[in-house]
Amino acid sequence: MSEDIKRLTRFVDDDNQRHIDTAMGNGVYDGLKKALEEHQPKDIVDILKASGLRGRGGAGFPTGLKWSFVPVKAEKPKYLCCNADEGEPGTFKDRLIMERDPHMLIEGIVIACYAIGIRDAYIYIRGEFVKPADILDEAIDEAYEKGFLGENILGKNFECHITVHRGAGAYVCGEETGLIESLEGKRGQPRLKPPFPAIVGAFQGPTVVNNVETLSNVPWIIVNGAEKYAEVGSERNPGTRIFGVSGMVEKPGLYELPMGTTLQELLDIAGGVKDGKKLKAIIPGGSSAPAMSPKELDTKMDFDSLMKAGSMAGSGGMIVLDETVCLVRVTRRLLEFYAHESCGQCTPCREGVPWMLRIVRNIELGKGKMSDIKQILKICDNIKMRTLCPLGDAAAMPTEGFVKKFKSEFTKHIQTGECTVGGPLGCDRRPRKIDHH
Ligand SMILES: Cc1cc2nc3c(=O)[nH]c(=O)nc-3n(C[C@H](O)[C@H](O)[C@H](O)COP(=O)(O)O)c2cc1C
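Residues numbered from 1 in each chain as written. Predicted model: local features only at pLDDT ≥ 70, side-chain atom pairs only at ≥ 80, totals over all residues.

Focus: the sheet that holds strand β4 (residues 207-211)
Sheet architecture is open: four strands sit in the order β3-β2-β1-β4, paired in parallel fashion. Each of the sheet's edge strands pairs with one partner strand only, and the pair in question is β3 (161-166) and β4. In this sheet, neighbouring strand axes are inclined to one another by 20 degrees on average, regardless of whether the strands run parallel or antiparallel. Looking at chain direction, strand β1 (residues 79-84) and β4 are connected through five bridges and run parallel. Of the residues in β4, the one forming a bridge with L80 is V208. In this fold helix α9 (residues 212-224) packs onto β1 and β4, with an angle of close to 90 degrees to the strand it touches most, β4. (Pairing = 2+ DSSP bridges. Helix = DSSP H or I, 4+ residues; strand = E, 2+ residues; numbered from the N terminus. Axes fitted to C-alpha atoms, helices over the stretch in contact; angles between N-to-C directions. Contact = placed C-beta atoms within 7 Å.)

Concerning the environment of I106
Along the chain, I106 turns up in helix α6 (residues 102-116). Sequence separation between I106 and A143 is 37 residues; the distance between their C-alpha atoms is 8.2 Å. Residues contacting I106, with those up to four places away along its chain left out, are A139, I140, A143 and I162.

Structural notes on unusual backbone geometry
Put simply, K193 and P194 share a cis peptide bond, and its omega is -10 degrees. With respect to the helices, strands and loops of the structure, P194 is situated in the loop between α8 (176-183) and β4. With omega at 0 degrees, the peptide bond leading from P194 into P195 counts as cis. Backbone geometry at Y29 places phi at a positive 80 degrees, although glycine is not the residue there. The class for Y29 is buried, based on 23 C-beta atoms found within 10 Å. (Buried ≥ 20, exposed ≤ 12 C-beta atoms within 10 Å, placed from the backbone.)

What about the site of the ligand?
Near the ligand lie 24 residues; those nearest to it are G55, G57, G174, N211 and T214. Listing elements by their share of the shell around the ligand, those giving two or more residues are β4 and α16 (391-405). For the shell around the ligand, the element with the most residues is β4, which contributes three residues. Of the residues that constitute the shell around the ligand, the class distribution is nine nonpolar, nine polar and six charged. Taken domain by domain, the shell around the ligand gets at least three of its residues from each of domain 1 (3-231) and domain 3 (327-416). (Near = placed C-beta within 6 Å. Nonpolar A, V, L, I, M, F, W, Y, C, P; charged D, E, K, R; others polar. Domains from an automatic or database assignment.)

Considerations on the sheet that holds strand β9 (residues 279-283)
On the basis of which strands lie adjacent, the open sheet formed by four strands has the order β8-β7-β10-β9 and mixed pairing. With partners counted over all chains shown, the strands left at the sheet margins are β8 (253-258) and β9, one partner each. Taken pair by pair, the neighbouring strands of this sheet meet at an average axis angle of 25 degrees, ignoring direction. Bridging between strand β7 (residues 240-247) and β8 involves six bridges; their strand directions are antiparallel. What sits directly across from V245, in β8, is G253.

What is shown is where atoms sit, not what they do.
Shown next, in the form of structure tokens:
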């Protein structure tokens, strides 16, 4: 990887980058200065649109377009919520930004607020992220001292405040409307949409929810321009992405690479499958993304290519599974997570996910029936696109993916009652509690 591809992780190895003097020495806040001195708010939205930046939280929605949905003049105050919940299993990129370059994020938030006409921004951070939250609080204090936050920022008639809001650690609070409910002090349960947050969001005001990595791209775009931004990446998927690699690889970690890097390239950069074992499956974009088989490694890791391949780029977290892993067990473990995290508001998710868990658990225990396969797929069909929020899809999509793409592993378990791989990562037949509701 050539060094100049790095846009978001240029300074993450510098321990002092989280202090404002070092950060400023490295050019942080130059984008804010340029934004305020050279551009009207609307220009910034147009630059973001032209850059083609797409949200890094999971759905890949175009950022400039999202900002343009917010009314310029609104009766209620407008808000920006930076989504720092980072709850998707296999995802750990936002933490890097917050811990190692918090001022880049703060700068991105302030520019976004200027563009959309927002005074108050929140960083909604999961409760377990104690260290990043403390670092952010310190960095915010420094930004106030230097006049990048507060009233009359850089002598302009522009006021902006950031508050770090610590969540209690619930996956569903990463969903944008669950996040807003939780921010308002309520139980974190998603809202029915429409209305979308851009019209009715936090405290009933128009609200933009953007991911940490998304907002961290904004200063680079303002400093270097939309055209330069789009020089890297693939068609309709410009820029770089901080990919997380975990599981059975030689060098797990975070790698900033152009969007559109293939699964194979990323796997190679991460040192390949650990101990020279055979690859069984790769989850390409956090645990909600349907797994890819070893035959699909030339697929580009961008929103459109992975969707075309029946999966999704999601949060950019790649999980590598080798031949020693039982996929029935993996499916059961994922379903345990989603069943536990279902907020319980809507029936398909509340009932359907634990139902699938019970079936998969039975298969794992050697008590499966051939009709289970059809039953699981039917339940998936009844969950997908039928739940109040996409948490239901997040559970159904990877389950359907494993059962369809790796069907033989499930049928072998059912027919023989035995685990196909055995060993420590084969079926787990110890008694465990499986009902969460
Ligand atoms: C169950 C669930 C969990 C989510 N968790 C996160 C999260 O932890 N961080 C995040 O940025 N987006 C998360 N999202 C996506 C958000 O709803 C939203 O699309 C995103 O924050 C928008 O930001 P972006 O446009 O910058 O990507 C989650 C979505 C769902 C359905």
